Amino acid sequence: MSVLGQLEPKKVYYYFEQICNIPHGSGNLDGISSYLAKFAEDRGFFHIRDASNNVIIIKEATAGYESVEPMILQGHMDMVAVKKSDCDINLEKDPLRIKTEGDFIYAEGTSLGGDDGIAVAYILAVLDSEDIAHPRLEAVITTDEEVGMEGATAIDLSMLKAKRMLNIDSEEEGILLTSCAGGMRMDCHIPVTRENDLDGTFLKVCAGGLLGGHSGTEINKEHTNAIKLLAITLQQIRQKIPFRLVEISGGEKDNAIPREASAVVCLPEGQKDAFVSELNRIEKEEKNEKKSKEKNLFIRCEETQITLSSVLDNGSTENILSFLVLLPNGVMAMSADIDGLVETSLNVGILKTFDNEVVASSAVRSAIETAKHKVGMQVDVLAKVFGGYTETHGEYPGWQFDPDSKLRADMVRIYKEMFGKDVKVEALHAGLECGIMIAKIPGLDCVSFGPDIFDIHTTEERLSISSASRMWDYLLEILRNC
């Protein structure tokens, strides 16, 4: 049975629920892309589905709007698919278990994908309508935005006519975004040497209970990074107890602040009690330091069995922990021009151990292109100091503020007329696809907006029903009067 069937506007929530029923985490988009292409085909719309699974759908203007300038409606079809450790959903195959509570839609045990499922739902609802007035609409629904904007980078937009674009990928009602940071992904490969000496006690150490969050929009909130917390904890203990690492890992997405990280360590016989005592001391310290920021923080350990036949030697253990302790993370610089805006940041989002190396993946962001590359250089030099190297991918440009944007001026006016208050015009320290689109369509006039979505990229993500309904009305008024 439908969970959202009683909500208004019905078509918006119908399509949002349909999207939630199709697995669509980044990199797993064949199903949702096929659904979008079939949607267009069934309605006789011109559409293109490219090799990257991007989908473009064209709907001609309604009567009376033939001479109005066309509009691009743009969002991305992928979501950051994360789940709680005890959740039995297979995010590659299973639908989300969506629920409602009060004013919110959420997914039981997983992220919701309101970022950017609500944009796709809006777009489909407009395209499927027979009574909404609008100019020619060019819907551009891209892939793998959450892992480097790869779909937007690959897409061919040469057939489009519009010079105006509504990017529906913001998560706060009452704010129009008109510029954003550029970014890139960096993978640090640090080599390790293993040995077959398995004498000792094996403990699994876990750091977690953290808030996590979006590494762009929430990096300034100083949410604790589980990978950094674990590394700093283990480095402190190793100053007293010479354990060796078996493996160390954490995080799920490089653009999400990691909530959990874990390591398996091999202790000398007879050192377990001393290790646990030191761990408990550090946990108490960390809880005290972060008591106002991370109320559920924990660092704990338990004895475990291993299936591996080797452990990292002492030198590699020291190398890896030292590298992780020194690896930059968090806000690197604040803007001198816009009060409260993060200018440059780095988030260590994923850590994995392989046979011969440990790989740390980070998202680097900056509103200034040269500053972005200087942070990248810093990370690259650090990796080389520890005998490793870096790989850079998923780079995308920023979006520079346009002081003469007519679309922005119209949207500011319409918001005031509809809601009786001024909308805020802001910049964002996160990646949006607008910069890439502008590079492909010179002179493109862009504004990004959206409804309230809280705790995106986490298992606590929730979409405000009332806000999504208001922003739907706002979208329709923009299409009628811009």
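Note that the coordinates shown come from a computational prediction; the quantities given were computed from them, not determined experimentally.

Draft legend 1. Seen up close, the packing of helix H2 (residues 30–42) against helix H3 (residues 114–127). Contact geometry of H2 with H3 gives a least axis separation of 11 Å together with a crossing angle of 15°. Viewed along their axes, H2 and H3 adopt a mutual orientation that is roughly parallel. Where H2 crosses over H3, the handedness of that crossing is left-handed. Contacts from Tyr35, Leu36 and Phe39 of H2 reach H3 at Val120, Leu124 and Leu127.

Draft legend 2. Quick look at the nonpolar core. Of all hydrophobic cores here, the largest spans 67 residues; its most connected members are Leu166, Met411 and Leu475. The element that contributes the greatest number of residues to this core is H3, accounting for 10 residues. Leave out the neighbours within four places in its chain, and methionine 411 touches Leu166, Leu176, Val447, Phe449, Tyr474, Ile478 and Cys482. Among the nonpolar cores identified, the runner-up in size contains 46 residues, and Val192, Val205, Phe243 and Ile248 belong to it.

Draft legend 3. Inspection of unusual backbone geometry at higher detail. Here the bond from glutamate 8 into proline 9 is cis, since omega is 0°, no more than 30 degrees from zero. The topology assignment puts proline 9 in the segment before helix H1 (10–20). Residue aspartate 115 is joined to aspartate 116 through a cis peptide bond whose omega torsion reads 15°. Looking at the secondary structure, you find aspartate 116 in helix H3. One non-glycine residue with positive phi stands out, namely aspartate 144, at about 50°.

Draft legend 4. Structural detail: the sheet that holds strand E25 (residues 462–464). Sheet architecture is open: four strands sit in the order E4-E5-E25-E24, paired in antiparallel fashion. Each edge of the open sheet carries a strand with a single partner, namely strand E4 (98–101) and strand E24 (453–454). Where E4 lies against strand E5 (residues 104–107), four bridges are found, and the strand directions are antiparallel. Considered in E5, the bridge of threonine 100 is made with isoleucine 105.

Draft legend 5. Quick peek at empty space enclosed by the protein. A full pass over the atoms with the stated rule returns two cavities of 30 Å³ or more. The space that makes up the largest cavity amounts to roughly 130 Å³. In this structure, the largest cavity is lined by 16 residues; those nearest its centre are Glu145, Glu146, His214, Ala430 and Gly431. When the residues that make up the lining of the largest cavity are grouped by side-chain class, the tally is five nonpolar, four polar and seven charged. Taken as a whole, the second largest cavity holds about 50 Å³ of empty space. Lining the second largest cavity, in full, are Cys20, Ile22, Pro23, His24, Gly25, Met79, Ala81, Leu91, Asp94 and Leu96. Of the residues assigned to the lining of the second largest cavity, the class counts are seven nonpolar, two polar and one charged.

Draft legend 6. Inspection of helix H6 (residues 272–289) at higher detail. Here H6 is 18 residues long and its end C-alpha atoms lie 26 Å apart, about the 26 Å a rise of 1.5 Å per residue gives. Within H6, burial applies to Phe275, Glu278, Leu279, Ile282, Glu283 and Glu286. Buried positions in H6, seen along its axis, are confined to an arc of 145° and lie on one side of it. Projecting away from the buried face of H6 at angles above 90 degrees are the exposed residues Asp273 and Lys284. The inward-facing, buried residues of H6 contact strand E11 (201–208), helix H5 (226–238), strand E15 (261–267) and strand E16 (298–303).

Draft legend 7. Looking closely at the environment of serine 322. Summarising the element assignment, serine 322 is placed in helix H7 (residues 314–326). Placed 90 residues apart in sequence, serine 322 and isoleucine 232 show a C-alpha to C-alpha distance of 8.7 Å. The residues contacting serine 322, other than those within four sequence positions of it, are Gln235 and Phe386.

Draft legend 8. Expanded view of the pattern of salt bridges. Tallying each qualifying case throughout the model produces 33 salt bridges. In this structure, the salt-bridge partner of arginine 281 is glutamate 278, at a minimum N-O distance of 2.5 Å. Residue arginine 281 and its partner glutamate 278 are both found in helix H6; the two are separated by three residues, about one turn of the helix. For glutamate 278, a relative accessible area of 9% puts it in the buried group. Close ionic contact of glutamate 283 with lysine 287 constitutes a salt bridge, the shortest N to O distance being 3.9 Å. Here lysine 287 and glutamate 283 lie together in helix H6, a separation of four residues that amounts to about one turn. When its relative accessible area of 16% is taken as the criterion, glutamate 283 is described as buried. The exposure class of lysine 287 is partly exposed, given its relative accessible area of 38%.

Draft legend 9. Geometry of the packing of H5 against H7. Packing of H5 against H7 brings their axes to within 9 Å, and their N-to-C directions diverge by 130°. When the axes of H5 and H7 are compared, the pair comes out oblique. Handedness of the crossing formed by H5 with H7: left-handed. Each of Ile227, Lys228, Ala231, Ile232, Leu234, Gln235 and Arg238 in H5 lies in contact with H7, whose residues at this interface are Asn314, Thr317, Glu318, Leu321, Ser322, Leu324, Val325 and Leu326. Counted by class, the contact of H5 with H7 contains eight nonpolar, four polar and three charged residues.

Here is what the cut-offs are and how they apply
Residues numbered from 1 in each chain as written. Predicted model: local features only at pLDDT ≥ 70, side-chain atom pairs only at ≥ 80, totals over all residues. Heavy atoms only, no water. Axes fitted to C-alpha atoms, helices over the stretch in contact; angles between N-to-C directions. Helix = DSSP H or I, 4+ residues; strand = E, 2+ residues; numbered from the N terminus. Parallel < 35°, antiparallel > 145°, perpendicular 65-115°, else oblique. Left-handed = near helix turned anticlockwise from the far one by under 90°. Contact = heavy atoms within 4.5 Å. Core = buried A, V, L, I, M, F, W, Y, C linked by side-chain atoms within 4.5 Å. Buried < 20%, exposed > 50% of the residue type's maximum accessible area, 1.4 Å probe, protein only. Pairing = 2+ DSSP bridges. 1 Å grid on protein atoms, 1.4 Å probe; cavity = no way out; pocket = protein on both sides within 12 Å on 5 of 7 lines; lining within 4 Å. Points joined across faces, edges and corners; volume = space filled by probe spheres on them. Nonpolar A, V, L, I, M, F, W, Y, C, P; charged D, E, K, R; others polar. Expected span 1.5 Å × (residues − 1). Arc of directions from axis to C-beta. Salt bridge = Lys/Arg side-chain N within 4 Å of Asp/Glu carboxyl O.

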